[in-house]
Amino acid sequence: MADVMAHTDSSPALHGLMAEFETPTALVSAAERARLAGYRHMDAYSPIPIEELNEALGLRRTRLPMLVLLGGIVGGMSGYALEYWSQTMAYPLNIGGRPFHSWPHFIPVTFETTVLGAALSAFVGMWALNKLPMPYHPVFNVPAFVRASRDRFFLCIETTDPRFDRHATAQFLQSLHPVGVTEVAQ
Amino acid sequence: MSVVQEREYDYVEGAAAGAVRGVPPVIAPGHTFETVNDKISGVILTKRTPIGWFLGFAIAFAFLMLLNLTIGKLLMEGIGIWGNNVPVGWAFDIINFVWWIGIGHAGTLISAILLLFRQQWRTSINRFAEAMTLFAVACAAMFPLLHTGRPWLAAYWLFPYPNTMGLWPQFRSPLIWDVFAVSTYGTVSALFWFTGLVPDMATLRDRAQSKAGRIIFGMLSLGWRGSARHWQRYEMAYLLLAGISTPLVLSVHTIVSFDFAVSVLPGWHATIFPPYFVAGAIYSGFAMVLTLAVPLRKFYGLEDFITMRHIHNMTKVMLVTGMIVAYGYANEAFFAWYSANPYEGYMMLNRMTGPYAPFYWSLIAINAAMIQLFWFRKVRNNIPLLFVLSLLVNVGMWLERFIIIVTSLHRDFLPSSWDMYAPTRWDFAMFAGTIGLFLSLFFLFIRFLPALAMFEMRTIVPEAKLQPEHHG
């Protein structure tokens, strides 16, 4: 069932055109060919993470590791600062005659707050960069897309791409031997 | 050359890993994306709940009610209802705390450390092991909180917050390190667990027949759509969380051991404690994973996913970590003698021949002698026997904590202050109650959430493997 509905010019505003594939291999090679054909504004959808898609789609490395590093540094420094300030200035206590700034005792908590800062920034950062939670997205308008979380693979070329053309792009997607090509309503 | 071709060799470990002679596969042959989805989500997306589930949950829930009763009694009357008293100021509360938190460690080891080591067999057991971690941490946290007697008044010396009294916690105390370690551990485990659940929530959203199911799983899935851009950041976050959790889990039991090792009490003041405690934690945790995995795979027919490979590997991890623990015992005995310190020497003598000696020798029998059975393939293949052994391991590890804590305290430096310790019925009630809490949570988890990570299981079926292209 490879029906192209791209000829209906009176259809509502489009998000893009979506091709459905049966295997991860087909998706990766389709994405790669779409990129070689000059398409840039596109995304692939799959039920499993596919490392090769990053290269096939020409995705840049994520900034997440940098965020996590910063989160860890901020977490560690805050933990130590809290200990330093509370133990030497706010509430100094004499514990067995040790100096108020007894730094070796402050390391375990500093370590834990470093970990906490890094983990929180990994978690919050990943969802924020992914712009999730997002309850609505045009791709969910495609009925077949319910299988994107199960066993099917999708490539969507978006209308914002400078090379996007309703007819030419549909034909191009057809040439990749998909299960089907569908328009994605906005 | 296309990216597809370069990838090929990466996947030899994949679903065909069972090709290695004599090693069972990590997933039974013949599975596809949809069979994995069906099997795992079928447990959740069904109106029929097995009668056995209700039975098990009812028993667990009865014990949970016992916990409520005990807590009520404790809050009304105070911790005097427990058996601990000078000189044994710490007893069941800390024994059970250490026991539970140790059990949790296997979940993090499986989800984080085995991920970093690319151990593919972790895939089918990580989700419920992580759930086990969370529930075990919840049970563990009960004890330090409740042993304060009036937890709502304890906040100011446990947590650093600006209070009207201008007081701050004492950061030179290992007990405060413990508060930070355990709360960080609980938080990070929950984040890791939830992150892993999101793509599975999307699968459940798309498979749910009922409207309520679609709405609930839809909200929990955060609108996950499997975008390649999302997966890229997701995988990076998952890897980073694993990398962060690895030193974290090692630090948690290290800090728990500092509760003892930083003191100057014979039997506690030992440099072997951190590694010895961490190994013991992983040892007991794997025993609990096995205790949970054996009935889980049996009753839900998950033998294809939790294969003999998993069972074998878990017993091997228990064997290794158990031997490290046994080395710890030997080391303690050696230092008691080699230090030439009469108090250290007496502590060891009292453990071996004193009033609690039967417990000491039981733990040696289990943790040092019995685990040698795991050397034998016949034992590793005998699942009912392994189930019993895994329960015994947790008994052994509980006894270890009992011995470390009670025998070190009850006869210290001054014979005039020696005394015996015996738990009261409320001590036992609270311990049994936390087991009830743990099992109740676990029963709810296997009924309402995917007990195995569907999306990760999908990555190990043959379908997920990229095929090399046959063109120019």
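All of these numbers come straight from a predicted model, not from anything done at the bench.

1. Digging into the overall build of chain A
Assigned secondary structure in chain A consists of five helices and four strands. Order of helices (α) and strands (β) in chain A, N terminus to C terminus: β-α-β-α-α-α-β-α-β. Its C-alpha atoms give chain A a radius of gyration of 25 Å, more than 25% over the compact-globule value 16 Å for 186 residues. Dimensions of chain A, computed from the C-alpha atoms along their principal axes, are close to 85 × 30 × 30 Å. Counting only residues that meet the buried cut, chain A has 52% of its 186 residues in that class. Considering only residue pairs separated by 6 or more positions, chain A has 80% of its internal contacts joining residues 24 or more positions apart. A total of about 8900 Å² of accessible surface is found on chain A, and carbon and sulfur atoms cover 63% of it. Across chain A, the mean location of the 13 positive side-chain charges is 5 Å away from that of the 16 negative side-chain charges.

2. What to know about the interface of chain B and chain A
Taken residue by residue, the interface counts 62 residues in chain B and 70 residues in chain A. On the chain B side of the contact with chain A, Trp168(B), Arg172(B) and Arg225(B) bury the most area, a combined 15% of that side's loss. One can count two salt bridges joining chain B with chain A. Among the ionic pairs, Arg150(A) bridges to Glu34(B), the shortest N-O distance being 3.1 Å. The tally of links from chain B across to chain A stands at 26 residue pairs in polar contact (both at pLDDT 80 or more).

3. Section: the sheet that holds strand β3 (residues 153-158) of chain A
Residue and element names in this part refer to chain A. Ordered in space as β2-β3-β1-β4, the four strands form an open sheet in which the pairing is antiparallel. Either end of the sheet is taken by a strand with one partner, and the two such strands are β2 (42-45) and β4 (180-185). Sheet twist, expressed as the average angle between the axes of neighbouring strands with direction ignored, equals 20°. Two elements, strand β1 (residues 14-21) and β3, share six bridges in a ladder whose sense is antiparallel. Residue pairing across strands places Ala19 opposite Leu155, the latter belonging to β3. Across the face of the sheet, helix α5 (residues 166-174) comes into contact with β1, β3 and β4 while running at roughly 15° to β1.

4. What to know about the side chain of Thr169(A)
Mapping Thr169(A) onto the fold places it in helix α5. Among residues more than four places away in sequence, those in contact with Thr169(A) are Leu17(A), Tyr39(A), Ile157(A), Arg163(A) and Phe164(A).

5. With respect to the domain arrangement of chain A
According to the domain assignment, chain A contains domain 1 (2-61 + 136-185) and domain 2 (64-129). Domain 1 of chain A and domain 2 of chain A are separated by 46 Å when their C-alpha centres are compared.

6. Let's talk about the pairing of β1(A)
Residue and element names in this part refer to chain A. Counting buried positions over the eight residues of β1 gives eight, a clear majority of the element. Strand direction decides the pairing type here: β1 and β4, joined by six bridges, are antiparallel. Note on β4: the bridge partner recorded for Ala19 is Val181.

7. As for the layout of surface pockets
Residue and element names in this part refer to chain B. As a volume, the second largest pocket reaches approximately 820 Å³. Lining the second largest pocket are 29 residues, and of these Thr291, Leu292, Pro295, Phe387 and Leu439 sit closest to its centre. Those elements giving two or more residues to the lining of the second largest pocket turn out to be α3 (51-77), α4 (92-116), α10 (273-299), α15 (383-410) and α16 (425-448). A total of seven residues in the lining of the second largest pocket trace back to one element, the largest contributor, which is α16. Class assignment for the residues of the lining of the second largest pocket results in 25 nonpolar, four polar and no charged.

8. Describing the packing of aromatic side chains
The geometry of an aromatic ring pair is captured by two quantities: the separation of the ring centres and the angle between the planes. Residues and elements named next belong to chain B. Applying the stated criterion across every chain yields a total of 59 aromatic pairs over all chains. Ring geometry for Tyr356 and Phe402: centres 5.6 Å apart, planes at 70°, overall edge-to-face. Placement of the pair is Tyr356 in the loop between α12 (342-353) and α13 (357-369) and Phe402 in helix α15, with a sequence separation of 46 residues. A residue is classified by how much of its surface remains accessible, and Tyr356, at 5% relative accessible area, is buried. Both rings, one in Phe442 and one in Phe445, keep their centres 5.6 Å apart while their planes meet at 50°; by these two values the pair is tilted. Of this pair, Phe442 and Phe445 both sit in helix α16, three residues apart, which is roughly one turn of the helix. The pair formed by Phe442 and Phe445 is uniform in burial state, with each residue classed as buried. Positioned over the ring face of Phe448 is Arg447, at 5.4 Å from the centre of the ring.

9. Concerning empty space enclosed by the protein
All names here are of chain B. Scanning all chains against the criterion turns up four cavities of 30 Å³ or more. Its boundaries defined by the atoms lining it, the largest cavity holds a volume of some 80 Å³. Along its surface, the largest cavity is lined by Ile40, Val43, Ile44, Leu296, Tyr300, Leu302, Ile446, Leu449, Pro450, Ala451 and Leu452. Per-class residue counts for the lining of the largest cavity are eleven nonpolar, no polar and no charged. Taken as a whole, the second largest cavity spans an internal volume of roughly 60 Å³.

10. Focus on helix α4 (residues 103-129) of chain A
Residues and elements named next belong to chain A. With 27 residues, α4 should reach 39 Å at 1.5 Å per residue; the first-to-last C-alpha distance of 37 Å fits that figure. Largest kink in α4: about 25°, centred on Val109. Of the residues flanking the end of α4, it is Lys131, one or two places downstream, whose phi is positive at about 55°.

What counts, and where the lines are drawn
- Residues numbered from 1 in each chain as written.
- Chains lettered and ligands numbered in written order.
- Predicted model: local features only at pLDDT ≥ 70, side-chain atom pairs only at ≥ 80, totals over all residues.
- Heavy atoms only, no water.
- Helix = DSSP H or I, 4+ residues; strand = E, 2+ residues; numbered from the N terminus.
- Rg over C-alpha atoms; globule rule 2.2 N^0.38 Å.
- Buried < 20%, exposed > 50% of the residue type's maximum accessible area, 1.4 Å probe, protein only.
- Contact = heavy atoms within 4.5 Å.
- Areas by Shrake-Rupley, 256 points an atom, 1.4 Å probe, with all protein chains shown as cover.
- Lys, Arg positive; Asp, Glu negative; His and termini not counted.
- Charge placed at Lys NZ, Arg CZ, Asp CG, Glu CD.
- Buried area = accessible area lost by both parts, 1.4 Å probe.
- Salt bridge = Lys/Arg side-chain N within 4 Å of Asp/Glu carboxyl O.
- Polar contact = N/O pair within 3.5 Å; in protein donor to acceptor, adjacent residues only side chain to side chain.
- Pairing = 2+ DSSP bridges.
- Axes fitted to C-alpha atoms, helices over the stretch in contact; angles between N-to-C directions.
- Domains from an automatic or database assignment.
- 1 Å grid on protein atoms, 1.4 Å probe; cavity = no way out; pocket = protein on both sides within 12 Å on 5 of 7 lines; lining within 4 Å.
- Points joined across faces, edges and corners; volume = space filled by probe spheres on them.
- Nonpolar A, V, L, I, M, F, W, Y, C, P; charged D, E, K, R; others polar.
- Phe/Tyr/Trp six-rings, centres within 6.5 Å; stacked < 30°, edge-to-face > 60°.
- Lys NZ or Arg CZ within 6 Å of the ring centre and 35° of its normal.
- Expected span 1.5 Å × (residues − 1).
- Bend = angle between axes of the 7 residues up to and from the residue.

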